[in-house]
Each structure stands twice: as C-alpha cells, then as structure tokens.
Amino acid sequence: MRRDWTDLLGGGAMVALGLAVAAYSAAHYDTGTLRRMGPGFLPLGLGVMLAIFGAIIALPAWSRPGQAVAVAWREALCVLASILIFGLGMTRLGLVPATMLAVLVASVPAPQGGIAWRVVLAAIVSLLTWLVFSVSLRLSIPVWPA
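Residues numbered from 1 in each chain as written. Predicted model: local features only at pLDDT ≥ 70, side-chain atom pairs only at ≥ 80, totals over all residues. Heavy atoms only, no water.

**Re the pattern of salt bridges**
Close approach of charged atoms allows side chains with opposite charge to pair. Stated formally: Every case where a carboxyl oxygen of Asp or Glu lies within 4 Å of a side-chain nitrogen of Lys or Arg is listed as a salt bridge. Working definition: helices are DSSP H or I runs of at least four residues, strands are E runs of at least two. Numbering for both runs from the N terminus. In this scheme, a residue with accessible area under 20% of its type's maximum is buried, one over 50% is exposed, and one in between is partly exposed, where area comes from a 1.4 Å probe on protein chains only.
Considering all chains together, one arrives at two salt bridges under this definition. Across the pair Asp4 and Arg64 runs a salt bridge whose closest N-O atoms are separated by 3.1 Å. Of this pair, Asp4 sits in the segment before α1 (5–28) while Arg64 sits in the loop between α2 (41–61) and α3 (73–93), and the two are 60 residues apart along the sequence. Judged by relative accessible area, which is 32%, Arg64 ranks as partly exposed.

Dropping the structure here:
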C-alpha cells in the first residue's frame, strides 16, 4: 500500500519539533502555574500543541494513499534565502533595509512581472515592521545601518 508520505513526514517533523521545544522549555525554564505563569509556560504549551497538530496530520496519513508532490524548488529557495537575508542582515543592515531586501528576494518567483509592485510591497511591509517592533513594542533593534 502506498502511504501519504508527504503528510506522514511533515506531521512527524511537527511532532518531533514540538516535543523538542516542549522538552527544552520544561528542562531549562520555570513553567510556573496557571495563575503565575513562568517564562517556560508559553513555549511548553506551544510545543505540546505543535506536537498534537503534527500527530493529527501524521496518523491518518499512515493508512491513506498519497500522491507524489512536485517541489517548487525556485520558490522554496527564494523563501529560504529571504529568511537568511533577514536574519543575517538585521544587525548589519538594520530592520528596514533587511526587511525590504528579504521581501524583494521572496517576491522573485511571483507570477506577476515588474519591479514596481515589489518595491511598493517591500516598502509597506518594512513600514509595518518598523511600526510594530520599533514604535509600538519599543524593541532595541537597529533600524538603519550603524
């Protein structure tokens, strides 16, 4: 019998990641109680929830036939590259330029052509990111290159 390996492996990865986060949180942080939650309470709960959702996806896939799924490599690589650009560019470039560059790279495989809408999208996402993290939450993130 051919199994649905896509959902089986994806759900299994979610279970593994969720259990790893929950175990790390429980071992390294105080969870507290429901009345006085500690710093480990939220990561522990989210890890357990991720593991439960992964099991909900993976268990039915064990007995369900699956179909081969084509991987969109170009799109996946652009998204991964944008995450790396944002993560590595935060300290060197600052919040706004790193966000703009990440959005521009992530939008490369979009079906619509043209650069104008990509630049507008990058500007809007960067503005919202600045408003949320720098203005509203007052995080000490460098906004521009130092």
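**Let's talk about the packing of α1 against α2**
We count it as follows: Think of each axis as a best-fit line through the C-alpha atoms, taken over the contacting stretch in the case of a helix, with angles from 0 to 180 degrees between the N-to-C directions. Oblique is the label for any angle not covered by the other classes, which are roughly parallel (under 35 degrees), roughly antiparallel (over 145) and roughly perpendicular (65 to 115). In this scheme the crossing of two helices becomes right-handed for a clockwise turn of the near helix relative to the far one and left-handed for an anticlockwise turn of less than a right angle. Nonpolar residues are Ala, Val, Leu, Ile, Met, Phe, Trp, Tyr, Cys and Pro. Charged residues are Asp, Glu, Lys and Arg, and all others, Gly as well, are polar.
Where α1 contacts α2, the two axes come as close as 7 Å, and the packing angle between them is 160°. With respect to their mutual orientation, α1 and α2 come out roughly antiparallel. For the pair α1 and α2, the sense of crossing is left-handed. Partitioning the contact of α1 with α2 into residue classes produces 18 nonpolar, six polar and one charged.

**Focus on a nonpolar patch on the surface**
As a reminder, the rule being used: Each patch is built from residues lacking any salt bridge and having more than 30% relative accessible area; the joining distance is 9 Å for like charges and 5 Å for nonpolar side chains (Val, Leu, Ile, Met, Phe, Trp, Tyr). Using a 1.4 Å probe, the Shrake-Rupley method yields the accessible areas, and only the shown protein chains count as cover for residues.
A grouping of Leu42, Leu46, Val48, Met49, Ile52, Phe53 and Ile56 is seen on the molecular surface, where their side chains present a nonpolar patch of about 680 Å² in accessible area. The topology assignment puts Leu42 in helix α2.

**Re the packing of aromatic side chains**
We describe a pair of aromatic rings using the distance from one ring centre to the other and the angle between the two ring planes. Counted only if it meets this: Note on ring pairs: Phe, Tyr and Trp rings are taken, using the six-membered ring of Trp, and paired if centres are within 6.5 Å. Classes follow the plane angle, with under 30 degrees stacked, over 60 edge-to-face and the rest tilted. Charge-over-ring contacts are defined here by two conditions on Lys NZ or Arg CZ: a distance within 6 Å of the ring centre and an angle within 35 degrees of the ring normal.
A full pass over the atoms with the stated rule returns one aromatic pair. Judged by centre distance (6.2 Å) and plane angle (75°), the rings of Tyr24 and Tyr29 are edge-to-face. Residue Tyr24 is classed as partly exposed on the basis of its relative accessible area of 46%. Given a relative accessible area of 40%, Tyr29 falls into the partly exposed group. Across from the ring centre of Trp62, 3.8 Å away, lies the NZ or CZ of Arg3, which sits over that ring.

**With respect to the UniProt feature "transmembrane region" (unreviewed entry) in the protein**
For clarity, the threshold we go by: UniProt positions are given in the numbering used here, feature names are shortened, and annotations may be inferred rather than shown by experiment.
According to UniProt, the "transmembrane region" (unreviewed entry) feature falls on residues 41–63, 75–95 and 115–133. Counting secondary structure, residues 75–95 comes out at 95% helix and 0% strand; the distance between its end C-alpha atoms is 23 Å. A distance of 27 Å separates the end C-alpha atoms of residues 115–133, which is 95% helix and 0% strand.

**Regarding the packing of helix α4 (residues 95–106) against helix α5 (residues 116–136)**
Defined as follows: Residue contacts are defined here by distance: any two heavy atoms, one from each residue, within 4.5 Å place the two residues in contact.
Axis separation between α4 and α5 bottoms out at 8 Å; the angle between their running directions is 140°. The pairing of α4 with α5 is recorded here as oblique in orientation. Read as a crossing pair, α4 and α5 show a hand that is right-handed. Two secondary-structure elements touch here, α4 through Leu95, Val96, Thr99, Met100, Val103 and Leu104 and α5 through Arg118, Val119, Leu121, Ala122, Ala123, Val125, Ser126, Thr129, Trp130 and Ser134.

**Focus: the UniProt feature "domain: DUF1468" (unreviewed entry) in the protein**
What UniProt calls "domain: DUF1468" (unreviewed entry) maps, in this numbering, to residues 11–142. Along residues 11–142 one finds 70% helix and 0% strand; the C-alpha atoms at either end are 37 Å apart.

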